[in-house]
Amino acid sequence: MPKLILRCNYLKNALPSHLANYMNYISTREGVEKIDNTCGLLPATVKQKELIADLLSKIADADRMHEYYDYLQRPTRENATEFITQALENNLDIIAKKKNYIDYLANRPRAERIGTHGLFSNEGESIVLFLVAEEVANHPRVIWTNVISLRREDAERLGYDTPEAWRNLLRSKQFEIASYHRIPAENMKWYAAFHKDEGHYHVHFILFNKEPGGEFLCARDYNRYKDSLTKTIFKDEMKQLYDERQSLRDKIVESVKEKMNEFSADIGEAPDEFAEAFVDLKFSLDGYAGKNNYQFISREQKEKVDAVVKIVCKDQNLQDLYQQWCQVQLALLKYYRENPKECFDSLENNLNLQRRLENVVLRAAIYDNKKNDLYTDKEQGSLPYGGIVF
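For every chain, the first residue of its written sequence is number 1, and the numbers climb from 1 along that sequence. Residue-level local features of this predicted model are given only where pLDDT is at least 70; pairs of side-chain atoms are given and counted only at 80 or more, and the full residue set underlies all totals for whole chains, interfaces and linings. Excluded from the side-chain calculations are hydrogens and water; all other atoms, namely the structure's heavy atoms, are used.

1. Quick look at the overall build of the protein chain
Helix numbering and strand numbering both begin at the N terminus, where a helix is a DSSP run of H or I of at least 4 residues and a strand a DSSP run of E of at least 2. When helices and strands are tallied, the protein chain shows 15 helices and five strands. Counting only residues that meet the buried cut, the protein chain has 45% of its 390 residues in that class. Sequence separation of at least 24 residues holds for 76% of the intrachain contacts in the protein chain that already meet a minimum separation of 6. Taken as a whole, the protein chain presents about 20,400 Å² of accessible surface, with 48% of it coming from carbon and sulfur. Any residue under 20% of the maximum accessible area for its type is buried, any over 50% is exposed, and the rest in between are partly exposed; the area is computed with a 1.4 Å probe on protein chains only. Any two residues having at least one pair of non-hydrogen atoms within 4.5 Å are treated as being in contact. Note on areas: these come from Shrake-Rupley sampling with a 1.4 Å probe, and a residue is covered only by the protein chains present in the view.

See the structure below:
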C-alpha cells in the first residue's frame with residue numbers, strides 16, 4: 001500500500017442516480033461517531049458488504065483507499081463503516097451540489113478548525129464561508145476536488161496532524177500544483193480543509209482557474225504531483241534510504257573494481273572462464289583510441305564487455321551486496337506504488353548499475369592494454385614519447 005493516497009476528481013453538476021442510495025446510508029447512520037466498540041469488531045453486515053460491492057463497481061479508485069485496505073485485512077463492521085463513509089465523502093463532489101459540498105467540508109464533524117470553520121487558503125486570503133460557497137457554486141467550469149490521505153501514524157509521526165502543517169505544505173506547493181493542472185499560477189484559486197478520522201487523516205483540496213480554459217490533469221502530471229507530495233512529506237526518512245542505496249551502489253562498483261584488479265593482476269590465477277573472456281575483450285580493444293565509455297565502443301566490443309560483466313557478477317559477495325540494494329530499493333518503491341515489483345533484474349542487467357559496471361570492466365581492459373604496451377616499449381627500448389626511453 002503506498003504511503004500517500006492522492007485522489008483527483010472534478011465537480012459535476014449532474015446528480016447520478018446510481019449514487020443516491022449511498023447518500024441515504026450516510027444520512028441514516030448514527031451520526032458520524034464511531035460504531036460502538038462492543039459490536040464494531042463483529043463481521044461486516046450483509047448490507048455493508050452489498051454497499052461495499054456497489055461502491056467498488058461504481059467508483060473507479062475506491063479499491064485504492066487506505067480504508068479499503070484495512071477492511072480487507074479485517075472485514076469488521078467498524079472497518080466497513082470507515083470505508084463506506086470515506087468513499088462516499090470522497091465522492092460528494094459528484095453527488096452533492098457545489099455549494100453544499102464546500103459547506104460540508106468546512107463544517108463536518110472532525111474538520112479541524114482555524115477560526116470559525118475548517119477552510120484555509122493562500123496567504124492573505126480572507127475566507128467568509130458563504131462567499132466561498134457562492135463563488136464555487138457559480139464557477140462556470142471545472143472545480144478540481146483533490147483528496148490527499150495519510151495514515152494516522154504517519155501523519156502524527158511526521159507532523160502533518162494539524163491544519164497549519166497542511167496549509168504550509170499546500171502554500172509551498174501551489175505554483176507547482178497549478179502547473180500540473182495546466183492553470184496559470186496567478187489564476188489559480190484554492191481552498192482546503194483538514195479532516196481527522198480514526199486511522200487516516202486527509203485533506204480536501206479544492207482548486208480552480210479564475211479564468212477558465214485549457215485546464216486538465218494528465219496521467220504523467222498526476223504521478224509527478226503525487227511524487228512531489230510524497231518526497232516532501234517523507235523527505236527525512238526517504239533521504240536515509242536514498243543515502244543507503246547510494247552507499248550500497250558505490251560498494252558494488254568498488255567491489256567490481258577490486259575484482260577486476262585482482263583478476264587482471266594475475267590472469268593465470270583467475271578462473272578460466274574470466275581469463276578467456278577478458279583476454280578476448282582486450283584483443284578486441286587493441287589499438288582503441290576512443291573515449292573510455294561503454295556507449296562509444298562498437299557493438300562487438302560491447303558484447304565482449306557484457307560477457308566479462310556477467311562472469312564478474314557471479315561473485316557471491318557482489319550478490320550479497322546486490323540483495324541488500326534490492327531491499328532498500330523495494331522500501332523506496334513502497335512509498336509510491338501499491339504493489340511494487342519485489343523481484344529485480346539480475347545484477348548485470350539492472351539499469352541503475354549496469355552502465356557503471358560496464359565502464360569499470362571496459363576501463364580495466366583498456367588500462368591493462370596500455371600497461372602491457374608500456375612494458376613492451378620498455379623491453380624493446382623504443383622511443384615512443386619524444387625520445388624518452390622507458
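2. Here we look at the packing of aromatic side chains
Between rings of Phe, Tyr and Trp, where Trp is taken as its six-membered ring, a pair exists when centres lie within 6.5 Å; planes separated by under 30 degrees are stacked, by over 60 edge-to-face, and by other angles tilted. For the structure on display, the rule yields twelve aromatic pairs. Ring centres 6.4 Å apart and planes at 85 degrees place the aromatic pair phenylalanine 120 and tryptophan 190 in the edge-to-face group. With phenylalanine 120 in strand β2 (residues 119–121) and tryptophan 190 in strand β4 (residues 188–197), this pair connects stretches of sequence that are 70 residues apart. The same class applies to phenylalanine 120 as to tryptophan 190, namely buried. Ring centres of phenylalanine 274 and phenylalanine 278 lie 5.2 Å apart, and the angle between their planes is 15 degrees; on these two criteria the pair is classed as stacked. Highlighted residues: phenylalanine 274 and phenylalanine 278, both in helix α12 (residues 272–284), separated by four residues, approximately one helical turn. Here phenylalanine 274 falls in the buried class, since its relative accessible area comes to 1%. Put simply, the rings of Tyr160, Trp166, Phe194 and Tyr201 touch in pairs and so form one group of aromatic residues. The criterion is that NZ of a Lys, or CZ of an Arg, lies within 6 Å of the ring centre and within 35 degrees of the ring normal, and then a charge sits over that ring. The lysine or arginine in question, lysine 3, covers the ring of tyrosine 335, its NZ or CZ lying 5.4 Å from the ring centre.

3. Quick notes on the sheet that holds strand β3 (residues 143–151)
In short, DSSP must find at least two bridges between two strands for them to pair. The sheet built from five strands is open, its strands ordered β1-β3-β5-β4-β2 with antiparallel pairing. Lying at the two open borders of the sheet, with one neighbouring strand each, are β1 (4–10) and β2. Taking each pair of neighbouring strands and ignoring which way they run, the sheet shows an average axis angle of 20 degrees. Taken together, the nine bridges between β3 and strand β5 (residues 200–209) define a ladder with antiparallel strand orientation. When the bridges of β5 are listed, asparagine 146 appears paired with phenylalanine 205. Lines fitted to C-alpha atoms define the axes here, with helix axes fitted over just the stretch in contact, and angles between the N-to-C directions of these axes take values from 0 to 180 degrees. The strands touched by helix α10 (residues 219–233) are β1, β3 and β5; relative to β1, the strand with the most contacts, the crossing angle is about 140 degrees.

4. Observations concerning the nonpolar core
Generally speaking, soluble globular proteins have nonpolar side chains that are buried together. Trp166, Leu170, Phe205, Ile252, Met260 and Val308 are the most contacted members of the largest nonpolar core, which has 69 residues in total. The element that contributes the greatest number of residues to this core is helix α11 (residues 235–265), accounting for eight residues. Non-local contacts of methionine 260, meaning those with residues more than four positions away in its chain, are made with Phe274, Phe278, Val308, Val312, Val360, Val361 and Ala364. Only buried residues count toward a nonpolar core, which is a set of Ala, Val, Leu, Ile, Met, Phe, Trp, Tyr and Cys residues joined through side-chain atoms within 4.5 Å. With 14 residues, the next largest nonpolar core counts Ile52, Ala62, Tyr68 and Ala80 among its residues.

5. Comments concerning helix α13 (residues 299–312)
Compared with the 20 Å implied by 1.5 Å per residue over 14 residues, the 20 Å span of α13 between its first and last C-alpha is a close match. Every buried residue of α13 is listed here: Gln301, Lys304, Val305, Val308, Val309, Ile311 and Val312. Taken end-on, α13 shows its buried residues confined to a sector of 165 degrees, consistent with a single buried face. Opposite the packed face of α13, turned more than 90 degrees from it, sit the exposed residues Arg299, Glu300 and Glu303. Given a helix with a known number of residues, its expected span is that number minus one, times 1.5 Å. Here the arc refers to the set of directions running from the helix axis out to each C-beta atom.

6. Section: the pairing of β4
A regular strand places its side chains so that they alternate between the two faces of the sheet. Buried residues dominate β4, accounting for nine of its ten residues. Pairing of β2 with β4 involves three bridges; the strand directions are antiparallel. Bridge pairing in β4 places phenylalanine 120 opposite alanine 192. When β4 meets β5, the two strands line up antiparallel, connected through ten bridges.

7. Considerations on unusual backbone geometry
Here arginine 182, not a glycine, exhibits a phi torsion of approximately 60 degrees, which is positive. Topologically, arginine 182 is positioned in the loop between α9 (163–180) and β4. A relative accessible area of 33% means that arginine 182 is categorised as partly exposed.

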